[in-house]
Amino acid sequence: MIQAPGSGRAQRTARSVSRAEIVERNFLTLLNTWKEPVTRRAPLTGPVCNGSTLSGAAFLELFESQMLSRHLDFEARAMRARNEGFYTIGSAGHEGNAVLGRGTRHTDPAFLHYRSGGFMLERARKLPEIDAVYDTALSLAASAADPISGGRHKVWGSKPLWVLPQTSSIGSHLPKAVGMAIAIALARRSAPALPIPGDAIIVCSFGDASVDHAAAQAGFNAASWTTHQNLPCPVLLVCEDNGFGISLRTPAGWVEASLRSRPGIRYFCADGLDLVAAHAVSEAAVGYVRGSRKPAFLHFHMQRLLGHAGTDLETGYRSLADIEAGEAQDPLLYSARTALRSGLLSAAQILARYEGARREVREAASRAARTRKLESRAQIMRALAPYAPEAVNSEASRADYETERLRVFGGPAGLPEHQLPRHLAIQLNRALHDLLAKYPQAITFGEDVAQKGGVYTITAGLYETFRGHRVFNTLIDETAVLGLAQGAAYLGLLPIPEIQYLAYFHNACDQIRGEAASLQFFSDGQYANPLLIRIAALGYQKGFGGHFHNDNSIAALRDIPGLIIACPARGDDAVGMLRTCAALNRVNGRVVAFLEPIALYMTKDLYAPNDGKWLFPYPEPNRTIPLGSARIYHPSARDLLIVTYGNGLWLSLRAARRLRREGGIRARIVDLRWLKPLNRELIARHARAIGRVLVVDEGRRSGGLSEEIITAIVETCGSGIEIRRVVGADSYIPLGSAAAQVLPSEEEIIAAARAMLGIGASRPTDRTR
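I will try to describe carefully the structure that is included in this document. Predicted model, so just to flag it, every value in this text is computed and none were measured.

Cut-offs and rules
Residues numbered from 1 in each chain as written. Predicted model: local features only at pLDDT ≥ 70, side-chain atom pairs only at ≥ 80, totals over all residues. Heavy atoms only, no water. Core = buried A, V, L, I, M, F, W, Y, C linked by side-chain atoms within 4.5 Å. Buried < 20%, exposed > 50% of the residue type's maximum accessible area, 1.4 Å probe, protein only. Helix = DSSP H or I, 4+ residues; strand = E, 2+ residues; numbered from the N terminus. Contact = heavy atoms within 4.5 Å. Salt bridge = Lys/Arg side-chain N within 4 Å of Asp/Glu carboxyl O. Pairing = 2+ DSSP bridges. Axes fitted to C-alpha atoms, helices over the stretch in contact; angles between N-to-C directions.

**Side note on the nonpolar core**
Then comes step 1: Judged by nonpolar contacts, the single largest core of 164 residues is most densely connected at L237, F297, I512, I535, L557 and L694.
Then comes step 2: With ten residues, the top contributor of residues to this core is helix 7 (residues 174-190).
Then comes step 3: The residues contacting I512, other than those within four sequence positions of it, are L482, F505, A517, S518, L531, I533, I560, L563 and V591.

Have a look at this one:
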């Protein structure tokens, strides 16, 4: 609470009031003291002022949306004080974005800044059945009846209005907005049916501080890069510039200096406080993007009123004079003056509408506060990771595309199931050909995936077979790659992006953690962005490497709610698992990370040179590997259970053979194949059957999969199970032969197994405990 505006003794003795009260008092004072005559009486059907294309009636609707948005901000704080609401970041000062809600279509997908109350209220006019005021109140109340998130978060979003929910937009939504704009042209050629009109544009709004965010810069760069090649990218990038990022001031002129001359992006600038001026410029910007299919940057100058949020005490970093100067630039004051000067409304009429808006908002808030909330973990998580196993397995095994298969593989003699057993890389390549034949909406892209065929030739031949609109190279930026993937998925495509190395994924992790994997959760299952992300991964690569080409850390992936992680170790498993992954995408909209062990790509032998025991036949097109199913080796063995995956399987099979030959130890091996969600019951069942478990995890000691495997055994089986592990060191992987010192080895597996069975004098090192 701070003192009311004024000067001298009057200010010092005034009662303490909130900034919200002061802002409202300024507005009411204007109405109560207005003396200016009407300068030009504007007709409802004609322009509100000379030279404007905005009619009087349209202006009044925009003004109403501004007033409703303002009262929603006031009421959000009142609800928080009553413990009926849980979000106070408001739109006060940004209500001018209503002109974009009016000037774009409700079929123009929008990714919105959190200060977008005016936009949402105005866009909702396009579908009269939507009550945007009540919907917003439900969202503020974290109500289970909230029509977009189901009470999971306060977001701006609507399925009918094509507003895709964002939680706390700090720039991370720009890559997928740009990606969706790029994907419109791709979807027109490959998707079964484009869900939006062919001339739709993408709207993406953000604050001035977000301009500096790395993800935002990736979005700008991707838009420029695309346009530079004369490819369509119809996205309107809207910066709502109020000069602050919480307490940090944006340097004066920085946004314009940074974006005005960006190659390929047309710059527009408008006073976002003045509806008439903002409407004219936004109309031009929207028209440019829609007509040219090129990106534009619309720079709105705004004022932030009432601080960053309800808990933000602005006087800690702004002078009172500065705060008051900002309040004098209230957009509602601008709109009131325009209405009064044009004769559209009298002061009394404006006041009546303002109070009417207050009553509508308060009534909506009262109703919303009485609605039910999310009350159980099951309710909260229902939309996070949908899984219909029968439908997924049916789709995975569907093989009704024989004609296209024959075309792709060059006739019956070329079908891969009729060929000799081959290694992982070739079977993956064939599986991708199969998937693109099965799914005409499937596209694959990334760095070097087209003409080169990928660094490891996994995508060789795809470009020649399916051409450039389905197989193409991208710029070298993983954030942009995953942004494009999300945008394509929204439009009905089945994106299969490639991340060239696991270490490169970490550059763009938030595009999955914060964006793709969270969409179903925050939209209550209404939106999905099914992705099948192929990642060349893990260690043991010989010949060259070092950290960026040998990365054994998957902790960042495992931490992502709802994400599925698949990791095949052999070619036939890779084929069946890819089919299931694509079915999970199609049926349940899931996001899948498909980890491909680089060191096993070209591996042909298991026990001895030229034994060919790591070559496997290509499965028939109706053969699949269901989610969670493991492969069991030596199922009758009962001396020791080895639980592993990826390169660990190859090492464990070699170690098990030596254990049997050199000491008579018979080890059962479980290749997990699916690392997330982990099949805890399967692991526990085998652990109980044997009683001794050795976990071989090529990941790091801290944060590796072994921690979850051991926890699953302890929690499910209780005491009585002896458990040890062989894991990677908490280290980056060095270059050359030194890499062997920080990764699990065959010898370590054998030593740990013998120690568990009391055989031999050698004791396990600390790394096997």
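**Description of the pattern of salt bridges**
Then comes step 1: Overall, the coordinates contain 47 salt bridges when judged by the stated rule.
Then comes step 2: The salt bridge partner of E395 is R398, with a shortest N-O separation of 2.9 Å.
Then comes step 3: We classify E395 as buried; its relative accessible area is 16%.
Then comes step 4: The class for R398 is partly exposed, based on a relative accessible area of 26%.
Then comes step 5: A salt bridge links R570 to D572; the nearest nitrogen and oxygen atoms lie 2.8 Å apart.
Then comes step 6: Members of the salt-bridge network, linked through shared partners, are R249, R304, D312, E314, R318 and D322.

**Some points on the sheet that holds strand 16 (residues 564-566)**
Then comes step 1: Taken together, the seven strands give an open sheet; going across it, the order is 13-12-14-15-17-16-21, and neighbouring strands pair in mixed fashion. Lying at the two open borders of the sheet, with one neighbouring strand each, are strand 13 (471-473) and strand 21 (674-676). Sheet twist, expressed as the average angle between the axes of neighbouring strands with direction ignored, equals 20 degrees.
Then comes step 2: Taken together, the three bridges between strand 16 and strand 17 (residues 591-597) define a ladder with parallel strand orientation. Residue pairing for strand 17: I564 is matched across the bridge by V592.

**Section: the sheet that holds strand 5 (residues 163-166)**
Then comes step 1: Across the sheet, which stays open at both edges, the seven strands sit in the order 4-5-3-6-7-11-10 with mixed pairing between neighbours. Lying at the two open borders of the sheet, with one neighbouring strand each, are strand 4 (156-158) and strand 10 (266-271).
Then comes step 2: Pairing of strand 6 (residues 202-207) with strand 7 (residues 235-241), which is carried by six bridges, proceeds in the parallel orientation. In the sheet register, V203 faces strand 7, and the bridge partner there is L236.
Then comes step 3: Lying on the sheet, helix 7 is in contact with strand 3 (110-111), strand 5, strand 6 and strand 7; it crosses strand 6 at an angle near 165 degrees.
Then comes step 4: Here helix 10 (residues 275-292) sits on the sheet in contact with strand 7, strand 10 and strand 11 (296-301), set at roughly 160 degrees to strand 10.

Purely geometric stuff here, so don't read any function into it on its own.
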